[in-house]
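Survey of secondary and tertiary structure
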Amino acid sequence: MLLEQERAEVVRICQEMQRQGLVVGTAGNVSVRVDDRVVISPSGMEYADLEPGDVGVHDLTGEPVDARFKPSSELPLHLAVYAATDAGAIVHNHAPASTALGLLVDEIPATHYYSAMFGGLIRVAPYATFGTAELADNVARALDGRLGALMANHGAITVGPTLSKAFSLLPYLEYVCEVQLRAMAASPATMRVLSPEQMREASAGLSGYGQSK
Ligand SMILES: [Zn+2]
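Thresholds applied
- Residues numbered from 1 in each chain as written.
- Predicted model: local features only at pLDDT ≥ 70, side-chain atom pairs only at ≥ 80, totals over all residues.
- Heavy atoms only, no water.
- Core = buried A, V, L, I, M, F, W, Y, C linked by side-chain atoms within 4.5 Å.
- Buried < 20%, exposed > 50% of the residue type's maximum accessible area, 1.4 Å probe, protein only.
- Helix = DSSP H or I, 4+ residues; strand = E, 2+ residues; numbered from the N terminus.
- Contact = heavy atoms within 4.5 Å.
- 1 Å grid on protein atoms, 1.4 Å probe; cavity = no way out; pocket = protein on both sides within 12 Å on 5 of 7 lines; lining within 4 Å.
- Points joined across faces, edges and corners; volume = space filled by probe spheres on them.
- Nonpolar A, V, L, I, M, F, W, Y, C, P; charged D, E, K, R; others polar.
- Expected span 1.5 Å × (residues − 1).
- Arc of directions from axis to C-beta.
- Donors = N, O, S within 2.8 Å, 3.2 Å for Na, K, Ca; no water.
- Phe/Tyr/Trp six-rings, centres within 6.5 Å; stacked < 30°, edge-to-face > 60°.

This part takes up the nonpolar core. Residues Val-10, Met-17, Val-30, Val-39, Val-91, Leu-163 and Phe-167 are the most contacted members of the largest nonpolar core, which totals 24 residues. Of all the elements in the fold, those that place two or more residues in this core are helix H1 (4-19), strand S1 (29-34), strand S5 (89-93) and helix H5 (163-186). The biggest single contributor to this core is H1, with five residues. Sequence-distant contacts of Leu-163, that is, excluding residues within four places in its chain, are made with Glu-9, Val-10, Ile-13, Val-30, Ser-31, Val-32, Ala-89, Ile-90 and Val-91. With 21 residues, the next largest nonpolar core counts Leu-77, Ala-80, Val-81 and Tyr-82 among its residues.

Let's shift gears to the layout of surface pockets. As a volume, the largest pocket reaches approximately 530 Å³. For the lining of the largest pocket, the elements supplying multiple residues, two or more each, are strand S8 (155-160), H5 and helix H6 (196-207). Looking at the lining of the largest pocket element by element, the count peaks at four residues for H5. Among the residues making up the lining of the largest pocket, the classes are represented as 11 nonpolar, six polar and one charged. Of the voids in this model, the second largest pocket is the one considered here, and its volume is about 170 Å³. Taken together, 14 residues form the lining of the second largest pocket, with Thr-26, Ala-27, Gly-28, Asn-29 and Ser-73 sitting closest to its centre. Class assignment of the residues belonging to the lining of the second largest pocket gives a composition of three nonpolar, 10 polar and one charged.

Here H6 is 12 residues long and its end C-alpha atoms lie 16 Å apart, about the 16 Å a rise of 1.5 Å per residue gives. For H6, the complete set of buried residues consists of Met-199, Ala-202 and Leu-206. For H6, the arc enclosing every buried residue in end-on projection is 60°, short of the 170-degree limit, so these residues lie on one face. When the buried face of H6 is taken as reference, the exposed residues oriented beyond 90 degrees from it are Arg-200, Glu-201, Ala-204 and Ser-207.

We now examine the coordination of the zinc ion. As a benchmark, a tetrahedral metal site with four donors has ideal angles of 109.5 degrees, while an octahedral site with six donors has ideal angles of 90 or 180 degrees. With distances of 2.0 to 2.1 Å, the protein atoms coordinating the zinc ion are His-92 (NE2), His-94 (NE2) and His-154 (NE2). The sequence motif formed by the donor residues of the zinc ion is H-x1-H-x59-H.

A word on the packing of aromatic side chains. Enumeration over the complete set of coordinates arrives at three aromatic pairs. Ring geometry for Tyr-113 and Tyr-114: centres 5.1 Å apart, planes at 65°, overall edge-to-face. Ring centres 5.0 Å apart and planes at 90° place the aromatic pair Tyr-114 and Tyr-172 in the edge-to-face group. Separated by 58 residues along the polypeptide, Tyr-114 in the loop between helix H3 (96-101) and strand S6 (124-125) and Tyr-172 in helix H5 bring together distant segments of the chain. Given the relative accessible area of 34%, Tyr-172 is considered partly exposed.

Think of an α-helix as turning once every 3.6 residues; residues three or four places apart then point the same way. The element helix H2 (residues 75-84) is extensively covered by neighbouring structure, given that seven of its 10 residues are classed as buried. The complete set of buried residues in H2 reads Leu-75, Leu-77, His-78, Leu-79, Ala-80, Val-81 and Tyr-82.

Here is the structure:
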């Protein structure tokens, strides 16, 4: 099967996203780019039943190369992000804290140093109907120089060089949003934010953080 490993990885990430409560039902979508091919989750299919052969392969214009089912309705969004950035993979979800905070701010304030993981303050892409070119443009702009963004009245998106990297950022984004929401609910006027210098230092520290066996 064409790009079998990538298709299996898309299935795994979809199921993991659901297991962690980051999506409801068939919401959200996942893709990975390999050269001029995009491997993307299908539209409206139960993640528990998903198999690698159900995941389609499309070209960078959205034409199917090997796809048994309709692709995610957000294929234009994924294509726009691949065209505008050097992302190798994209994960999009509708997690509750990310979605709720996207109703309230245009940019997540620098309240937690984890924001530095995303390349700077995380923007909120203005609302447009799902599946449209307008939404794709808005999100591609919000992701300029960033590894994540919120989507107003919709959800969140993370990108990375690989699918596991893009997905690994998603729970951090949800956590930062959850913390921000709790702080806003408690006392929005007295919130302490990090200075640009503190954010730069956190960013430098995080870039070498983590180890693997
Ligand atoms: Zn969505």
